[in-house]
2 protein chains.
Amino acid sequence: METLSENACFGGIQGVYRHNSTSCRCDMTFGLFLPEEARDGPVPVLWYLSGLTCTHENAMTKAGAQAWAAEQGIALIFPDTSPRGEGVADDDDYDLGQGAGFYVNATQDPWAKHFRMWDYVAEELPALVFENFELDSDRQAITGHSMGGHGALVMGMNLPARFRSVSAFAPISNPTASDWGRKQFQAYLGDESPDWLKYDATVLMKEVGFDGPVLIDTGTKDQFIDLLRPEALAQAVAARRQQAVLRMQPGYDHSYFFVSSFMEDHVAFHAEHLYA
Amino acid sequence: METLSENACFGGIQGVYRHNSTSCRCDMTFGLFLPEEARDGPVPVLWYLSGLTCTHENAMTKAGAQAWAAEQGIALIFPDTSPRGEGVADDDDYDLGQGAGFYVNATQDPWAKHFRMWDYVAEELPALVFENFELDSDRQAITGHSMGGHGALVMGMNLPARFRSVSAFAPISNPTASDWGRKQFQAYLGDESPDWLKYDATVLMKEVGFDGPVLIDTGTKDQFIDLLRPEALAQAVAARRQQAVLRMQPGYDHSYFFVSSFMEDHVAFHAEHLYA
């Protein structure tokens, strides 16, 4: 693992690291914020999964999360959204290929060789960071934005007992019924199949739910809201009697101005359960 | 109008009053909490509509609302849930007749003569209280529990610009598709008809929505939750892109222990908009 940068940040350190990923068969870069408290021992962790077109860097520089994570004594991990590089398959569209991994293990060519973001985020990267940093694997939470909100929700429900709490900003909520989902699942996973369903938050909410608290914010003026399908997930949450807070935030769009406006709430929400 | 009682309460006055209702053609009793600030001029108003079997008294004594209303300088009005008395039609079941008016104008015998709770709560009682107390009709909000949550939501959406904010505790959310609704609408309104739809919060949310903020709490262990159908309203709220906060509160049931636990949040929510 190589250190690309480390900057003092809110009393802690914002680092960027690169390593060779066995899951993705390429170099992968991630951001990690360690609060001051990590000098004295393992701290709780909040994973932040990013959206389409993002790298590890967008949320690290635009979400304003470090201020609140420092206040709460929580580490933040910012994985990349896909494998990258010259030898890695790609597509001309912004919503497929590099920057658009959708947090799945691709099974179809040309994607299957590198696009194993599920294994990377669920297994390989956790093993790496818990080995190398003062992080407490018993106290993890997860959040994300858009495609990353999708990732956070499906990781939360597919990995029982891994995360104490799950939240999302404007998540892609029902990808098997959206153009943000069907196209990519077709490419990465092949024809519609049971494989699709394990990556769909609405389907998972109906079938298994999450054993803990859930917080989801979506802007009423989100320009992509028809693709997000918050109504499908809202129905499933209430029908399951899932512990949850669903907020439709008036006037907000899909940007990081929206994410940063509610980041304090999300970090405080996770902190309440990470320190319970 | 007759004063039945007035008690000092959190620096203000909790009163109970009786008057002859022209809408309901019988005597009606209501509770009114006036905060200390009402001595100096009109104060904002939060209407609280109660649930099945309740009178004006239940929320007045069990919801703990006066503490928070006093803190915020807001008046509370607690109407009864139906006409009452020996000459008023009734039914042996708890969920029809006296104590179960469902906030509709009945059109069917034997109910049509007295059961005009829509007119009473929407028109007659407001005229009476704004005439007789230091209340600001330009600053009104509405909430309620169960059948009263239904009442609050349908009043909010059917009376545009009347209320700045609407909230509900465990509302009957989709009565035209529930045994808490179909039986009563059949009795009060006759065979299924467009009349039913104007008293259904989910239908109204789909068709008109509410031009302002909405807050709804429901307990995940609510013993009547299958009758409430929160999933139908949650779907409609998100599909409309309605400004709203929907909370599924873990472990809470349908009782006033649930209502009182979140009353502070609801009063603060309304205060934010009544004083905006």
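Calculation notes
- Residues numbered from 1 in each chain as written.
- Chains lettered and ligands numbered in written order.
- Predicted model: local features only at pLDDT ≥ 70, side-chain atom pairs only at ≥ 80, totals over all residues.
- Heavy atoms only, no water.
- Helix = DSSP H or I, 4+ residues; strand = E, 2+ residues; numbered from the N terminus.
- Rg over C-alpha atoms; globule rule 2.2 N^0.38 Å.
- Buried < 20%, exposed > 50% of the residue type's maximum accessible area, 1.4 Å probe, protein only.
- Contact = heavy atoms within 4.5 Å.
- Areas by Shrake-Rupley, 256 points an atom, 1.4 Å probe, with all protein chains shown as cover.
- Lys, Arg positive; Asp, Glu negative; His and termini not counted.
- Charge placed at Lys NZ, Arg CZ, Asp CG, Glu CD.
- Phe/Tyr/Trp six-rings, centres within 6.5 Å; stacked < 30°, edge-to-face > 60°.
- Polar contact = N/O pair within 3.5 Å; in protein donor to acceptor, adjacent residues only side chain to side chain.
- pLDDT = per-residue confidence, 0-100.
- Salt bridge = Lys/Arg side-chain N within 4 Å of Asp/Glu carboxyl O.
- Least-squares fit on C-alpha atoms with pLDDT ≥ 70 in both.
- Buried area = accessible area lost by both parts, 1.4 Å probe.
- Pairing = 2+ DSSP bridges.
- Core = buried A, V, L, I, M, F, W, Y, C linked by side-chain atoms within 4.5 Å.

### Observations concerning the overall build of chain A
Looking only at helices and strands, chain A features ten helices and nine strands. Relative to the 2.2 N^0.38 estimate, which gives 19 Å for 276 residues, the radius of gyration of chain A is 17 Å and therefore close to what a compact globule would have. Across the 276 residues that make up chain A, the buried fraction comes to 63%. Considering only contacts in chain A between residues 6 or more positions apart, those separated by 24 or more positions represent 73%. For chain A, the exposed surface amounts to about 10,300 Å²; the carbon and sulfur share of it is 45%. For chain A, the distance from the average position of its 19 positive side-chain charges to the average position of its 38 negative side-chain charges is 5 Å.

### Considerations on the packing of aromatic side chains
Tallied over the entire structure, the rule returns 30 aromatic pairs over all chains. Arranged with centres 6.0 Å apart and planes meeting at 55°, the rings of Tyr48(A) and Phe78(A) form a pair that is tilted. With Tyr48(A) in strand β4 (residues 43-49) and Phe78(A) in strand β5 (residues 75-78), the pair connects residues that are 30 residues apart, well separated along the chain. Relative to Phe115(B), the ring of Trp111(B) has its centre 5.1 Å away and its plane inclined at 85°; by these criteria the two rings are edge-to-face. A single burial state applies to Trp111(B) and to Phe115(B), both of which are buried. These aromatic residues form a ring-pair network of at least three members: Phe102(A), Trp118(A), Phe185(A), Trp196(A) and Tyr199(A).

### Overview of the side chain of His19(B)
Residue and element names in this part refer to chain B. Secondary-structure assignment places His 19 in strand β2 (residues 12-21). A polar side-chain atom of His 19 sits 2.9 Å from a polar atom in the side chain of Tyr 120. Among all residues touching His 19, those that are not within four sequence positions of it are Met 1, Cys 26, Asp 27, Met 28, Phe 30, Tyr 120, Glu 124, Leu 125 and Leu 128.

### Quick word on the confidence of the model for chain A
Considering every residue of chain A, the mean pLDDT works out to 97; 100% of them sit at 70 or more. Interface predicted TM-score (ipTM) for the complex: 0.82; the corresponding pTM is 0.90.

### With respect to the pattern of salt bridges
All names here are of chain A. By the definition in use, this model includes 30 salt bridges over all chains. For Asp 93, the salt bridge goes to Lys 183, with nearest N and O atoms at 2.6 Å. You can see Asp 93 sitting in the loop between β5 and α3 (117-132) and its partner Lys 183 sitting in helix α5 (residues 182-189), a full 90 residues away along the chain. Looking at Asp 93, the relative accessible area reads 37%, which means it is partly exposed. Since its relative accessible area comes to 31%, Lys 183 is described here as partly exposed.

### Examining the relation of the copies chain A and chain B
The operation linking the two copies of the chain is a rotation about an axis combined with a translation along the axis. Screw-axis analysis of chain A against chain B gives a translation of 0.0 Å along the axis, an RMSD of 0.0 Å, and a rotation angle of 180°. Each copy turns onto its partner about a two-fold axis. Both copies present the same face, since 100% of the interface residues in chain A are matched by interface residues at the equivalent positions in chain B.

### Regarding the interface of chain A and chain B
Across the boundary between the two partners, chain A contributes 19 residues, which contact 19 residues of chain B. Between chain A and chain B, the buried area comes to about 1,700 Å², and carbon and sulfur atoms account for 63% of it. In terms of surface lost to chain B, no three residues of chain A exceed Glu231(A), Arg241(A) and Met248(A), which account for 38% of the buried area on that side. As a salt-bridge pair, Arg241(B) and Asp226(A) come within 2.6 Å of each other at their nearest N and O atoms. Pairing geometry for strand β9 (residues 244-249) of chain A and strand β9 (residues 244-249) of chain B, over five bridges, is antiparallel. Within the sheet, the bridge partner assigned to Leu246(A) lies in β9(B) and is Leu246(B).

### Section: the nonpolar core
Core analysis: the largest hydrophobic core is formed by 192 residues, its most contacted members being Phe30(A), Leu135(A), Tyr188(A), Phe30(B), Leu135(B) and Tyr188(B). Here Tyr188(A) is in contact with Leu96(A), Gly97(A), Ala100(A), Gly101(A), Phe102(A), Val104(A), Ala106(A), Thr107(A), Gln108(A), Trp111(A) and Phe115(A), once residues within four sequence places are set aside.

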